[in-house]
Amino acid sequence: MQLATIKQIFRDPSAFTGATVELRGWIRTVRTSSKGFGFIELNDGSFFKNLQIVFDNELPNFDEVGKLTIASSLVVRGQVVESPGAGQAVELKASAIEIVGVAGSDNPVQKKRQTFEFLRTKAHLRPRTNTFSAVFRLRSYVAFAIHRFFQEQGFIYVHTPIITGSDAEGAGEMFRVSTLDPVNPPRTEDGAVDWSQDFFGRETSLTVSGQLEVETYCAAYSKVYTFGPTFRAENSNTARHVSEFWMIEPEIAFGDLKQDSELAEAMLKRVIADVLNELPEEMEFFNRFIDEGLKERLELVRDSEFKRITYTEAIELLQQSGKSFEFKPEWGKDLQTEHERYLVDELFKTPVFVTDYPKDFKAFYMRLNDDQKTVAAMDLLVPGVGEIIGGSQREERLDVLERRIAEMGLNPDDYWWYLDVRRYGAVPMAGFGLGFERLIMYLTGMKNIRDVIPFPRTPKSAEF
RNA sequence: UCCGGAGUAGCUCAGCUGGUUAGAGCAACUGACUGUUAAUCAGUGGGUCGGGGGUUCGAGUCCCUCCUCCGGAGCCA
């Protein structure tokens, strides 16, 4: 008797045929006959597919087993045999079924089509459904694939802080971290809240990006990346934004924007290839039921060069498009969602790097180009999702960086440690931020970011 | 935050210009049947009509208000 997973059996059915195994899992469906036999589809989470269990009235608990409800948990022992039925190559002929936990018949997850909106309200139960089981197995796998990609290339994984004392990251509204009594906080003489009495002796927040911190490690290890949760207290209500999300932020020293985009392209292609190779059942499911044409699209992206255009070229293409946009494309104004959608969904139909944006609406740390008007920034737009990566070459020239900080009305004192990196052995540096959930959306075809993170946090919503 | 839409059975929805006891399909349950596989067939139970307030003889239906969800926009990843 060996303990087996359903994945092991499906991956190598001939090796298991004839073997006696023990499986542990949950019932997806059960069909019984009064003739004295029945079928259970068992899932143990190891694999997308269920294994069919055949049982008959030689089991002492046959009647009890036949009345089991969906989601009830079992330990099943029996022999793996070739299946006479059409739906599967092998099945398990049960010699014993131990009922571990019986699920109540009021289980909200039912054997019927259920909307993603409804299942979102049952976030604790939805991983038991086909779609979410596939999404979150893929999510786990992609996290691993990303680590593997960077580790193979000698990148050092840096754990940048979740709680940050830096209010200078500039990437969005922050969540305050405090242990002060919200009803009666200590106050200074002029009546303001006295943060010096707070836990850390200063105002602290949840990080919106590990970039500034990871750059300091880049200046020691050459190639680094972060991969962790980030938090934005923006009142964003869209299918592409959550308040808590995971971000991958690589940073390369002695690197420019070109190398940065090449790194992003190689990483995406590698992850796509890995997912297609190693999760074929999940990808087939997404392709059939979630997003028709997904596989073909990903295969094309895996095998083709990403497009590269400058912001200035993008504006020209939009102006020449003959399309009537709600917002007229104009140099000096940021690209609107409708503009990005046109470029990526209609014109190119493949991932596009847009580079060299006007400095006025980009962050202070992005490297000023020789034209003095644009910065060495890039966004990667992908079909169906839009912006998935934002990156830039960093301003390594101390005097230019200080001038940019002043220009944007920021306080240079907040950046003393960031500026130190430029003072002591500055090098050209570049990096990008990849939204992990957006990557999962792109790989699965799922349309709402709330359905690719286990317990989504959005404005007015933090159940579970 | 702005614009638009929606909250009626466990789920997805119907319910007309306000009018008896609020409907269907699916799911669940009970039974029949079947090497079944989104099984099939028959039967049964299941509702504070999102919350609060108002108009009316009478409100699921009309008005006000709040809440939540969905789609789009902005912010971004």
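Everything numeric in this text was worked out from a predicted model, so none of it was measured.

*Asks:* Would you mind going over helix 5 (residues 130-152) with me for this structure?
*Replies:* Residues spaced three or four apart along an α-helix point in a common direction, a consequence of the helix completing one turn every 3.6 residues. In this model helix 5 runs 33 Å from its N-terminal to its C-terminal C-alpha over 23 residues, within 8% of the 33 Å that 1.5 Å per residue would give. The element helix 5 is extensively covered by neighbouring structure, given that 17 of its 23 residues are classed as buried. G154, located one to two residues past helix 5, shows a positive phi value of around 85°.

*Asks:* What am I meant to see in the pairing of strand 16 (residues 386-394) here?
*Replies:* Two faces make up the sheet, and in a regular strand the side chains alternate between them. Among the nine residues that make up strand 16, seven are buried, leaving the element largely enclosed by the rest of the structure. In this structure, strand 15 (residues 374-382) lies alongside strand 16, joined through six bridges in antiparallel fashion. Opposite V382, over in strand 16, you have G386 as the bridge partner. Where strand 16 and strand 17 (residues 429-435) come together, six bridges link them in antiparallel fashion. Across the sheet, the residue bridging to R394 is M429, located in strand 17.

*Asks:* How do you make sense of the pattern of salt bridges when you look at a structure like this?
*Replies:* Working definition: two side chains of opposite charge can pair if their charged atoms are close together. Per the stated rule, a full pass over the model turns up 35 salt bridges. The residue R11 makes a salt bridge to E281 at a minimum N-O spacing of 2.9 Å. Taken together, the positions of R11 in helix 1 (residues 6-11) and E281 in helix 8 (residues 280-290) put the pair 270 residues apart, joining distant regions of the chain. R11 gets classed as partly exposed once you look at its relative accessible area, which sits at 40%. Classification of E281 as buried rests on a relative accessible area of 15%. Put simply, R394 and E251 hold a salt bridge, and the shortest N to O gap is 2.9 Å.

*Asks:* Mind showing me how you'd approach the protein's contact with RNA strand B here?
*Replies:* T32, S33, E91, H241 and R438 are the nearest of the 50 residues found near RNA strand B. The sugar-phosphate backbone supplies 51% of the atoms of RNA strand B found within 4 Å of the protein. Between RNA strand B and R31, the relevant distance is 2.8 Å, taken from a base oxygen to a side-chain nitrogen or oxygen of the residue. Within the side chain of S83, one N or O atom sits 3.5 Å away from a base nitrogen of RNA strand B. The set of elements that each furnish at least two residues to the surface near RNA strand B consists of strand 2 (20-33), strand 3 (37-43), strand 4 (51-56), helix 4 (116-120), strand 12 (244-253) and strand 16. When residues in the surface near RNA strand B are grouped by element, the largest group, four residues, is from strand 16. The class makeup of the residues in the surface near RNA strand B is 12 nonpolar, 23 polar and 15 charged.

*Asks:* In this structure, what is going on with the sheet that holds strand 14 (residues 352-358)? I would like to understand it.
*Replies:* In sheet architecture, strand pairing relies on hydrogen bonds along the backbone and comes in two forms, parallel and antiparallel. Taken in spatial order, the eight strands line up as 7-11-12-17-16-15-14-13 in an open sheet, and their pairing is mixed. In the strand order of this sheet, the two ends are held by strand 7 (156-157) and strand 13 (307-310), each with one partner.

*Asks:* When you look at empty space enclosed by the protein in this model, what are you seeing that I'm missing?
*Replies:* Applying the stated criterion across every chain, the model contains one cavity of 30 Å³ or more. As a volume, the largest cavity reaches approximately 40 Å³. Along its surface, the largest cavity is lined by E396, V421, R422, A426, V427 and M429. Looking at side-chain class alone, the lining of the largest cavity contains four nonpolar, no polar and two charged residues.

What counts, and at which threshold
- Residues numbered from 1 in each chain as written.
- Chains lettered and ligands numbered in written order.
- Predicted model: local features only at pLDDT ≥ 70, side-chain atom pairs only at ≥ 80, totals over all residues.
- Heavy atoms only, no water.
- Helix = DSSP H or I, 4+ residues; strand = E, 2+ residues; numbered from the N terminus.
- Expected span 1.5 Å × (residues − 1).
- Buried < 20%, exposed > 50% of the residue type's maximum accessible area, 1.4 Å probe, protein only.
- Pairing = 2+ DSSP bridges.
- Salt bridge = Lys/Arg side-chain N within 4 Å of Asp/Glu carboxyl O.
- Near = heavy atom within 4 Å.
- Polar contact = N/O pair within 3.5 Å; in protein donor to acceptor, adjacent residues only side chain to side chain.
- Nonpolar A, V, L, I, M, F, W, Y, C, P; charged D, E, K, R; others polar.
- 1 Å grid on protein atoms, 1.4 Å probe; cavity = no way out; pocket = protein on both sides within 12 Å on 5 of 7 lines; lining within 4 Å.
- Points joined across faces, edges and corners; volume = space filled by probe spheres on them.

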